[in-house]
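So the chains spell out like this:
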Amino acid sequence: MDFLEDLELYELAMNNAFDIITKRKTLDDIYEDLEQEHIDAFPLPFDPIMEDGRREAIIDVVLEYFISTEEYEKCGELVKIKNKCLKKQTESDQPPLSL
């Protein structure tokens, strides 16, 4: 692979991650597209079998990419999802209140 191919693959992975994180596409959609040969690959910066990409570190990587490409509407969506996920994580980390 040359530099331009790597760059295209990176761009595709970030756009695919955005679709998964925002739930525009599901794992079933990806499998269906691959089986019907609409696509021949679906690169992602995470393993979709193990997680949905809604981890802070993953969202930060995707967010940085869209900041660099000045796609601020996508950034806004990612920030909302990140805040929502962090809130859920914080709430689940707290021990239950005892009365």
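Below: a short report on this structure. (Residues numbered from 1 in each chain as written. Predicted model: local features only at pLDDT ≥ 70, side-chain atom pairs only at ≥ 80, totals over all residues. Heavy atoms only, no water.)

## Overview of the nonpolar core
Ile21, Val62, Phe66 and Leu78 are the most contacted members of the largest nonpolar core, which totals 20 residues. Every element with two or more residues in this core is listed here: α1 (3-21), α3 (56-68) and α4 (72-93). Excluding residues that lie within four positions of it along the chain, Leu78 makes contacts with Phe18, Ile21, Ile59, Val62, Leu63 and Phe66. (Core = buried A, V, L, I, M, F, W, Y, C linked by side-chain atoms within 4.5 Å. Buried < 20%, exposed > 50% of the residue type's maximum accessible area, 1.4 Å probe, protein only. Helix = DSSP H or I, 4+ residues; strand = E, 2+ residues; numbered from the N terminus. Contact = heavy atoms within 4.5 Å.)

## Looking at the pattern of salt bridges
What the rule picks out here adds up to 5 salt bridges. Among the salt bridges present, the one from Arg24 reaches Glu77, with a minimum N-O distance of 3.0 Å. With Arg24 in the loop between α1 and α2 (27-35) and Glu77 in helix α4, the pair connects residues that are 53 residues apart, well separated along the chain. A relative accessible area of 28% places Glu77 in the partly exposed class. Two residues, Asp60 and Lys82, come together in a salt bridge whose shortest N-O distance is 2.5 Å. Taken together, the positions of Asp60 in helix α3 and Lys82 in helix α4 put the pair 22 residues apart, joining distant regions of the chain. Classification of Lys82 by relative accessible area gives buried; the value is 17%. (Salt bridge = Lys/Arg side-chain N within 4 Å of Asp/Glu carboxyl O.)

## Quick word on unusual backbone geometry
Within the chain, Glu37 stands out as a residue other than glycine whose phi angle is a positive 60°. For Glu37, the location among the structural elements is in the loop between α2 and α3. Look at Glu70: it is not a glycine, yet its phi comes out positive at around 60°.

## Structural notes on the packing of α1 against α3
Axis separation between α1 and α3 bottoms out at 10 Å; the angle between their running directions is 120°. With respect to their mutual orientation, α1 and α3 come out oblique. Read as a crossing pair, α1 and α3 show a hand that is left-handed. On α3, the residues touching Tyr10, Glu11, Met14, Asn15, Ala17, Phe18 and Ile21 of α1 are Ile58, Ile59, Val61, Val62, Tyr65 and Phe66. (Axes fitted to C-alpha atoms, helices over the stretch in contact; angles between N-to-C directions. Parallel < 35°, antiparallel > 145°, perpendicular 65-115°, else oblique. Left-handed = near helix turned anticlockwise from the far one by under 90°.)

## What about the side chain of Lys82?
Here the side chain of Lys82 touches Asp60 through a polar contact of 2.5 Å, side chain to side chain. Those residues within four positions of Lys82 in sequence are excluded, and the remaining contacts are Glu56, Ile59 and Asp60. (Polar contact = N/O pair within 3.5 Å; in protein donor to acceptor, adjacent residues only side chain to side chain.)

## Description of a negative patch on the surface
Together, Asp2, Glu5, Asp6, Glu8 and Glu11 make up a negatively charged patch on the protein surface. Along the chain, the position of Glu8 falls in helix α1. For Glu8, a relative accessible area of 57% corresponds to the exposed category. (Patch = residues over 30% accessible without salt bridge, like charges linked within 9 Å, V, L, I, M, F, W, Y side chains within 5 Å. Areas by Shrake-Rupley, 256 points an atom, 1.4 Å probe, with all protein chains shown as cover. Lys, Arg positive; Asp, Glu negative; His and termini not counted. Charge placed at Lys NZ, Arg CZ, Asp CG, Glu CD.)

## Examining the environment of Phe42
If you trace the backbone, Phe42 turns up in the loop between α2 and α3. Look at Phe42 and you get buried, because its relative accessible area is 15%. Note: C-alpha distance between Phe42 and Ala17 (25 residues apart in sequence) is 9.5 Å. Beyond its immediate stretch of four places on either side in the chain, Phe42 contacts Asn16, Ile20, Lys25 and Ile30.

Everything listed here is a matter of geometry and, on its own, says nothing about what the molecule does.
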